[in-house]
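Structural characterization, general
Listed below are the residues making up each chain.
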Amino acid sequence: MTAVDTPVRIDRRRFVADLISRLPEETLVVSGLGSPSYDVFAAGDRPGNFYLWGAMGAAAPLALGLALARPERPVVAVTGDGEHLMGIGALGTIGAVLPPNLTVVVLDNAHFGETGMQPSHTGLGTDLVAVAQGFGIRDALRISDAAQAEDLAARIRVRAATTYAQVLITTDEPPRALPPRDGVANKNSFRAALGLSTF
């Protein structure tokens, strides 16, 4: 894809809600800061959600750690293109270990939404699917049709391969749905979902 292409883009909030509604209850979801966390929270707060507030670039590597620690559970990172680009090197490690229960979902509006809608690299020619494949993630796809949520959910459910999905979304900004900002409470809730005690 080049900067002159005009791909079809879909509504991010609806896509995230549809995707999450199709996932098994035991799925662990890590959401990147900003819009991805708002969308995951708007889809329904659940103990298996871990919302990042200020860890720029950390959604994919955190999800990788969870996937390796909990191979019996599907793990999904939902992040934005700007946040993801800040930690793109994590794909090298993901491609080296390829946990079959890990899925990285990148909501890509080709802008840095949290800092003023400046164009991001994906709007200037960077092809995230090619980047993921270059790092060794063979099951990498681009989504520009909301109906593809079911296909992506099916891949997540079977846990057959590390999956990478670049979801082309509009630049529309739905009302913010803010997850709790109490980091200790979020941590304790997530640890409980993992069957761990608090500390």
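To start, this report covers the structure provided alongside it. (Residues numbered from 1 in each chain as written. Predicted model: local features only at pLDDT ≥ 70, side-chain atom pairs only at ≥ 80, totals over all residues. Heavy atoms only, no water.)

Counting secondary structure elements, the protein chain contains eight helices and eight strands. Taken against the 2.2 N^0.38 rule, which gives 16 Å for 199 residues, the C-alpha radius of gyration of the protein chain at 15 Å falls within 12% of a compact globule. Here the C-alpha coordinates of the protein chain stretch approximately 50 × 35 × 30 Å along the principal axes. A total of 199 residues make up the protein chain; the buried ones form 47% of that total. The contacts in the protein chain between residues at least 6 apart in sequence include a share of 73% that link residues at least 24 apart. In the structure as shown, the protein chain presents an accessible area of about 8700 Å², 57% of it carried by carbon and sulfur atoms. Looking at the protein chain, you have 17 positive and 20 negative side-chain charges, and the mean spots of the two groups are 5 Å apart. (Helix = DSSP H or I, 4+ residues; strand = E, 2+ residues; numbered from the N terminus. Rg over C-alpha atoms; globule rule 2.2 N^0.38 Å. Buried < 20%, exposed > 50% of the residue type's maximum accessible area, 1.4 Å probe, protein only. Contact = heavy atoms within 4.5 Å. Areas by Shrake-Rupley, 256 points an atom, 1.4 Å probe, with all protein chains shown as cover. Lys, Arg positive; Asp, Glu negative; His and termini not counted. Charge placed at Lys NZ, Arg CZ, Asp CG, Glu CD.)

What follows is about the packing of aromatic side chains. Under the defined criterion, the tally for this structure stands at two aromatic pairs. Measuring from centroid to centroid gives 5.9 Å for Phe41 and Tyr51, while their planes differ by 80°, and the two rings are edge-to-face. Here Phe41 is found in helix α2 (residues 35–42), whereas its partner Tyr51 is found in strand β2 (residues 49–51), with ten residues between them in sequence. Each ring, one from Phe50 and one from Phe190, has its centre 5.1 Å from the other, and the planes form 55°; the classification is tilted. Here Phe190 lies in helix α8 (residues 183–193) and Phe50 lies in strand β2, a separation of 140 residues in the sequence. When its relative accessible area of 6% is taken as the criterion, Phe190 is described as buried. (Phe/Tyr/Trp six-rings, centres within 6.5 Å; stacked < 30°, edge-to-face > 60°.)

Residues Leu66, Val75, Ile94, Leu102 and Tyr164 are the most contacted members of the largest nonpolar core, which totals 25 residues. Where this core is concerned, the elements lending two or more residues are β1 (28–31), α3 (59–69), β3 (75–80), α5 (90–97), β4 (102–108) and α6 (128–134). Looking at this core element by element, the count peaks at six residues for α3. (Core = buried A, V, L, I, M, F, W, Y, C linked by side-chain atoms within 4.5 Å.)

Here the focus is the packing of helix α1 (residues 12–21) against helix α7 (residues 149–158). In the contact formed by α1 and α7, the axes pass within 9 Å of each other and the chain directions differ by 40°. Judged by the angle between their axes, α1 and α7 are oblique. The handedness of the crossing between α1 and α7 comes out as right-handed. Here Phe15, Asp18 and Leu19 of α1 come into contact with α7, specifically with Ala149, Leu152, Ala153 and Ile156. Class assignment for the residues of the contact of α1 with α7 results in six nonpolar, no polar and one charged. (Axes fitted to C-alpha atoms, helices over the stretch in contact; angles between N-to-C directions. Parallel < 35°, antiparallel > 145°, perpendicular 65-115°, else oblique. Left-handed = near helix turned anticlockwise from the far one by under 90°. Nonpolar A, V, L, I, M, F, W, Y, C, P; charged D, E, K, R; others polar.)

Keep in mind these numbers describe shape, not what the thing actually does.
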